[in-house]
Amino acid sequence: MPCVGDWLNNPLSIVQGFFAQNVPNSDWEKKVTEYFKEKLKENNATNWVPSLNDVPVHYLKPNSLVKFRCMVQDMFDPEFYMGVYETVDPNTNARVLHFGKYRDVAECGPQQEIDLNSSQTVTSERQTLYCVPVPGESAWVKEISFLTLASQARVSPSTSYTPSRHKRSYEEDEDMDLHPSKQKEQHMGNSGGGDIHGCVEPKRLETEAPAGHHLISPNCSPPLDLNFPLPGEKGPACLVKVYESWESFKVNDVLEVYGVLSVDPVLSLVNNEERDSSALDPMECMDTAEEQRVHSPPASLVPRIHVILAQKLQHINPLLPACLKEEESKTFVSNFMSELSPVRAELLGFLTHALLGDSLAAEYLILHLISTVYARRDVLPLGKFTVNLSGCPRNSVFTEHIYRIIQQLVPASHRLQMTIESMNHSRFIPHKDYAANRLVTGVLQLASNTSLVVDETQLEQGQLDTTGVRNVTALGNLITWQKVDYDFNYHRMEFPCNINVLITSEGRSLLPSDCQVHLQPQIIPPNMEEYMSSLLTAVLPSVLNKFRIYLSLLRLLDYSISDEVTKAVEEDFVEMRKNDPESITADDLHKTLLVARFLSLSAGQTTLSRERWLRAKQLEAQRKARLQQQKCVNGNEL
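Residues numbered from 1 in each chain as written. Predicted model: local features only at pLDDT ≥ 70, side-chain atom pairs only at ≥ 80, totals over all residues. Heavy atoms only, no water.

**Thoughts on the overall build of the chain**
Moving on, step 1. Tallying secondary structure elements over the chain gives 21 helices and 19 strands in all.
Moving on, step 2. Looking at the chain residue by residue over its 638 residues, the buried ones come to 54%.
Moving on, step 3. When contacts within the chain are restricted to residue pairs at least 6 apart in sequence, long-range pairs at least 24 apart make up 79% of them.
Moving on, step 4. Surface exposure of the chain reaches about 28,800 Å², of which carbon and sulfur atoms provide 51%. (Helix = DSSP H or I, 4+ residues; strand = E, 2+ residues; numbered from the N terminus. Buried < 20%, exposed > 50% of the residue type's maximum accessible area, 1.4 Å probe, protein only. Contact = heavy atoms within 4.5 Å. Areas by Shrake-Rupley, 256 points an atom, 1.4 Å probe, with all protein chains shown as cover.)

So, in structure tokens, the structure goes:
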């Protein structure tokens, strides 16, 4: 059997072993998947695999096993490739079967040619996903993931491999013996509508890293737009090639993929030649040059991952087990739930200080941070809890630091500063570029459970243009319906989402919200910057980690209301309507039930009790009284 390092450093050798033993049966593919699945179940084995999120691609050995935590930004057309092909030696007529799975470039010996007419050839199909790091992923998520990898890795492919023979690799690329049959093979591959190079047959003597990792796109073309949804994002974008069950993945899904890293310099050479050949036909060039550039970027800029195993992630918090249904995870959950009360009390105290001594606003902020869309009834998303925190100082230092605190608590977040200029010039809604055949991203293309903080405190009078109106409308639809309508030119397509939106404003927000909480500061610090900065430095890292686990875990818990409590709530609501028929509405019942739901979960209770229902009513009464009081002071509606 292969040694431990083989499946990490040279997974294709494992695949070759199963292929050689099981041809012509197709069982070898299932056996490969099962083998790696079992390997990754070993104690901490997932932490031995280097991650593209943590390690620069030029430190990773080509064709080694890597993992990538990512969001599906776009899905390209399925592509055909040679799953099995046969080579022949013209001198001896010796024939050898090869597998094309998990590869971009067909492997051939020095004296071998691919027999395109072989009866053994099997054409297969795979799906290409364009994946980017999770938008707005917090720095602490990256740091903890990297420290876990560094402390538990048994092998160190991230540092043990140094790219070498730079000059020779250039010479080899130039001297590649590409057979005349290559164009025919490429045509066969491209019939799937995607970028496929499994039919190119360079003479491959050994596999090493590409020489030029920082080369710009060939032919001095404009810099390649990696299509990150948020400005200033870093990290690799990857073309993720999926071989099984790709119909279960969709745009905006968050995945963790394990697969074979492909950064072959031949990919850039082949793509360059494809563009050169298309120049022979000007019409073809107009139709396909941009698409080829986007779908076949240099592997040094956009590496390929050939997926062996992939899973959708419930969350991206590295402090929590990936799946809470496993037995070990249940132990973790029960242990944490036993100490939930002091963690909640500490978090409430911490947020109260952050909100200048306002404990009511801190209560609602906790409820907001653990809220999530748990179901949809027709078009109505159930569980969304957008909070408008009004009464915020116009001083941007306060709202900026509130966002920094949230950033330290949640795994993914983004601060959207709402100004006339940003509304008029930003691209919020993703749209389809038919020339490049790709989905051009926008700010609102975010992963599920991202916290979006909209800061209205800098908003001044001005004129919104067409783009600005469209962006504000898109924000409103996101808040109200938890969906974004992507622009496909000829039609709009709804993409449901689950984004926690917190709006900070001076008066009542221009945007819709589920709950307005007016801030009543009990502390007026002489130096706001110093006061807010000292809050985070005063919290112990271990306590901060408990806050992070608390907020992520409670969003994943199930919740129910017994028939008995439901009846009691209905009777109570009827009584409330009798006492105050003018101001108590069905919307108030819905809102109070939502507050009661998250209040119960915040205490670790997965069912509603009468005590929590009464506490929810009390909080809502305090919130409304505060709004009424402020309305009387100002003489107008907040």
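**Overview of the sheet that holds strand E15 (residues 451–455)**
Moving on, step 1. Spatially, E12-E15-E18-E11-E19 is the arrangement adopted by the 5 strands of the open sheet, whose pairing is parallel. This sheet does not close on itself; its edge strands, each paired only once, are strand E12 (413–417) and strand E19 (515–518). Sheet twist, expressed as the mean angle between neighbouring strand axes with direction ignored, is 20 degrees.
Moving on, step 2. By the bridge criterion, 5 bridges tie E15 to strand E18 (residues 500–504) in an arrangement that is parallel. Its bridge partner lying in E18, Asp 455 is registered against Thr 504. (Pairing = 2+ DSSP bridges. Axes fitted to C-alpha atoms, helices over the stretch in contact; angles between N-to-C directions.)

**So, the packing of helix H12 (residues 340–354) against helix H13 (residues 359–369)**
Moving on, step 1. In the contact formed by H12 and H13, the axes pass within 8 Å of each other and the chain directions differ by 120 degrees. Put simply, H12 runs oblique to H13. Once H12 is placed against H13, the crossing between them reads as right-handed. Every residue of H13 that contacts H12 at Arg 344, Leu 347, Leu 348, Leu 351 and Thr 352 is listed here: Ser 359, Ala 362, Glu 363, Leu 365 and Ile 366.
Moving on, step 2. Looking at the contact of H12 with H13 residue by residue, the class counts come to 6 nonpolar, 2 polar and 2 charged. (Parallel < 35°, antiparallel > 145°, perpendicular 65-115°, else oblique. Left-handed = near helix turned anticlockwise from the far one by under 90°. Nonpolar A, V, L, I, M, F, W, Y, C, P; charged D, E, K, R; others polar.)

**So, helix H3 (residues 27–41)**
Moving on, step 1. End to end, H3 covers 21 Å across 15 residues, agreeing with the expected 21 Å (1.5 Å per residue, within 8%).
Moving on, step 2. Of all the residues in H3, the buried ones are Trp 28, Val 32, Thr 33, Tyr 35, Phe 36, Lys 39 and Leu 40. One side of H3 carries all its buried residues, which in axial view fall inside an arc of 160 degrees. Opposite its buried face, H3 presents the exposed residues Lys 30 and Lys 41, each directed more than 90 degrees away. (Expected span 1.5 Å × (residues − 1). Arc of directions from axis to C-beta.)

**Let's talk about the side chain of Glu 456**
Moving on, step 1. With respect to the helices, strands and loops of the structure, Glu 456 is situated in the loop between E15 and helix H16 (466–481).
Moving on, step 2. Buried charged residue Glu 456 carries no salt bridge. Nearest counter-charge: Arg 394, at 9.2 Å.
Moving on, step 3. Within the local environment of Glu 456, its side chain forms a polar contact with the side chain of Ser 509, the two groups lying 2.4 Å apart.
Moving on, step 4. In contact with Glu 456, other than residues within four places in its own chain, are Met 418, Ile 503, Thr 504, Ser 505, Ser 509, Leu 510 and Leu 511. (Lys, Arg positive; Asp, Glu negative; His and termini not counted. Salt bridge = Lys/Arg side-chain N within 4 Å of Asp/Glu carboxyl O. Polar contact = N/O pair within 3.5 Å; in protein donor to acceptor, adjacent residues only side chain to side chain.)

**Here's the deal with the packing of aromatic side chains**
Moving on, step 1. This model, assessed by the stated rule, comprises 14 aromatic pairs.
Moving on, step 2. With centroids separated by 5.3 Å and ring planes inclined at 85 degrees, the aromatic side chains of Tyr 35 and Phe 36 adopt a geometry described as edge-to-face.
Moving on, step 3. Classification of Tyr 35 as buried rests on a relative accessible area of 11%.
Moving on, step 4. Exposure remark for Phe 36: the relative accessible area of 1% places this residue in the buried category.
Moving on, step 5. On the numbers, 5.2 Å between centres and 65 degrees between planes, the contact of Tyr 102 with Tyr 243 is edge-to-face. Here the residue Tyr 102 occupies a position in the loop between strand E3 (95–99) and strand E4 (113–114), and Tyr 243 occupies one in the loop between strand E6 (238–242) and strand E7 (254–262), the gap between them amounting to 141 residues. Neither Tyr 102 nor Tyr 243 differs from the other in exposure class; each is buried. (Phe/Tyr/Trp six-rings, centres within 6.5 Å; stacked < 30°, edge-to-face > 60°.)

**Side note on the environment of Cys 323**
Moving on, step 1. For Cys 323, the location among the structural elements is in the loop between strand E8 (304–312) and helix H11 (327–337).
Moving on, step 2. Remark: the alpha-carbon pair of Cys 323 and Leu 313, spanning 10 residues in sequence, is separated by 8.1 Å.
Moving on, step 3. If near-sequence neighbours (up to four positions away) are discounted, Cys 323 is found in contact with Gln 314 and Ser 329.

**With respect to a nonpolar patch on the surface**
Moving on, step 1. On the surface, Val 379, Leu 380 and Trp 481 cluster together to form a nonpolar patch covering roughly 270 Å² of accessible area.
Moving on, step 2. With respect to the helices and strands, Leu 380 occurs in strand E10 (residues 380–382). (Patch = residues over 30% accessible without salt bridge, like charges linked within 9 Å, V, L, I, M, F, W, Y side chains within 5 Å.)

**Section: unusual backbone geometry**
With glycine set apart, most residues show a phi of negative sign, and most peptide bonds adopt trans.
Moving on, step 1. Phi at Asn 93 is positive, roughly 65 degrees, even though this residue is not glycine.
Moving on, step 2. You can see Asn 93 is positioned in the loop between strand E2 (79–88) and E3.
Moving on, step 3. Using a relative accessible area of 53% as the deciding quantity, one classes Asn 93 as exposed.
Moving on, step 4. In this structure, Ser 245 takes a positive phi of about 55 degrees despite not being glycine.
Moving on, step 5. Tracing the backbone through its elements, the reader meets Ser 245 in the loop between E6 and E7.
Moving on, step 6. Take Ser 245: its relative accessible area is 43%, and that puts it in the partly exposed class.

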